[in-house]
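# Reading the structure
The residues making up each chain are set out below.
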Amino acid sequence: MRDPVGLMRQRYDQYGPVSWTRLFGLRVVQMLGPDANQFVLMNKGDLFSNHGGWDFFIGPFFHRGIMLLDFEEHRWHRRIMQQAFTKNALRGYLERMGPRITAGLDTWPEGGIKVLPRVKRLTLDLATDVFMGQELGPRSEQVNRAFVDTVRAGTALLRFPVPGLRWSKGLRGRRVLEQLFRDEIPTKRAQEDNDLFSALCHATTEDGDRFSDDDVVNHMIFLMMAAHDTTTITLSNLFYHLASAPEWQERLREESRALGKTQLEYEDLEKLPGIGLAMKEALRLCAPVPSLPRRTVRDVEYDGFHIPKGSFITMAPYFTHYMEEYWPDAERFDPERFAEHRREDKVHPYAWVPFGGGAHKCIGLHFADMQVKAILHQVLLKYRWRVPADYVMPVDTTSLPVPKDGLPVTLERL
């Protein structure tokens, strides 16, 4: 956790792309590099179980979320859920987001602030408005705490509900979130609104398949976490790198000014290519989900190795994104590496995998892209920010990677 890239680089150089270690009392097979990513994520022949991997870490807290389902059941749930992420649905979500982003940013003071808590509060407010169609009001701090606790609980060393420790806090957070969504289901079933919660309650396939109340609760808890936690990580890293590379900050600001509007419309998303490049590079430098666990459901043969049925395996996008074999000068923030004249990400189809791949590729990736652009566009128009020249952001990798110090910056209103 202190130096995941350095540790995996050492293991890769010493043992190659496949090796085993012990983690949380488990014998774990590490499969490193883009070839391993492709083999596992494509999952030809349904060799690997998502549920068998993720359930050990987050099953009690994100029970039966879309990422924890397998094979035909996963495909069935995904087909229904996809209706909440159509182009028309995304267009409606963006319309809701614009005014809320403006109102949220107007509360940010000039001077010294910590980016992480500010951005997390903003993205949670957006998620509750866009996904639930309501404001949390006085419950916002309790709900925010519940999400933090459920995410951090997955890497607890003591995996029993001892009061005051991480596992117990995660279980309590899960109960808070379940109650939050379950209380609202009757209202959402009774009327159709332009929010994701309503969409999940009313989504129906051509065959008439629908989600049960339990399905809706499970998916809302997982999607709400993913919608604001991973976006918070990406935005925090963008703030850091754009503060450390002011020439890029100014370049993106001019791009946003040239658009001539404060709040984005759906057709504007492709008119901000610089933000797109910077976002991709931020995702490379800090994959929001740094490790992807699986469990083998039958014996697997890979690269001359035999991996027995029931083995716990992990891939590591966080490490792949720093492999000098695929990313020259990998430590440097260089958005141009994704520009058409370079496209370093094309050196291997699974060298850049912040959203996973295959059947389990992140269902909300277009929503995430839209939300990051919508927020950063308004931030660029409203503020300039900086960090000290010698500042290096420390990263807490206890669970999902976040700025350990909250990312202090100096904010200047334009």
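Data block above holds the structure.
Presented here is a report on the structure given in the accompanying data block.

Parameters at a glance
Residues numbered from 1 in each chain as written. Predicted model: local features only at pLDDT ≥ 70, side-chain atom pairs only at ≥ 80, totals over all residues. Heavy atoms only, no water. Pairing = 2+ DSSP bridges. Helix = DSSP H or I, 4+ residues; strand = E, 2+ residues; numbered from the N terminus. Contact = heavy atoms within 4.5 Å. Axes fitted to C-alpha atoms, helices over the stretch in contact; angles between N-to-C directions. Buried < 20%, exposed > 50% of the residue type's maximum accessible area, 1.4 Å probe, protein only.

### As for the sheet that holds strand 3 (residues 48-49)
One open sheet holds the five strands; their spatial order is 1-2-8-5-3, and the pairing between them is mixed. Edge positions in the sheet fall to strand 1 (18-23) and strand 3, since each has one partner strand and no second. Judged from the two bridges that link them, strand 3 and strand 5 (residues 292-296) form a sheet pairing that is antiparallel. The partner of F48 across the bridge, within strand 5, is T296. Lying on the sheet, helix 2 (residues 34-42) is in contact with strand 2 (26-31), strand 3, strand 5 and strand 8 (312-315); it crosses strand 8 at an angle near 125°.

### Regarding the sheet that holds strand 9 (residues 383-386)
Pairing in this open sheet of three strands is antiparallel, and the strands run 4-12-9 from one edge to the other. Since the sheet does not close on itself, it has two edges, and those belong to strand 4 (111-114) and strand 9, each with one partner. On average, adjacent strands in this sheet sit at an angle of 40° to one another, irrespective of strand direction. Of the strand pairs in this sheet, strand 4 and strand 12 (residues 408-413) are connected by four bridges, and their pairing is antiparallel. Bridge pairing links G111 to L411 in strand 12.

### Topic: the side chain of S49
Here S49 lies in strand 3. For S49, a relative accessible area of 7% corresponds to the buried category.

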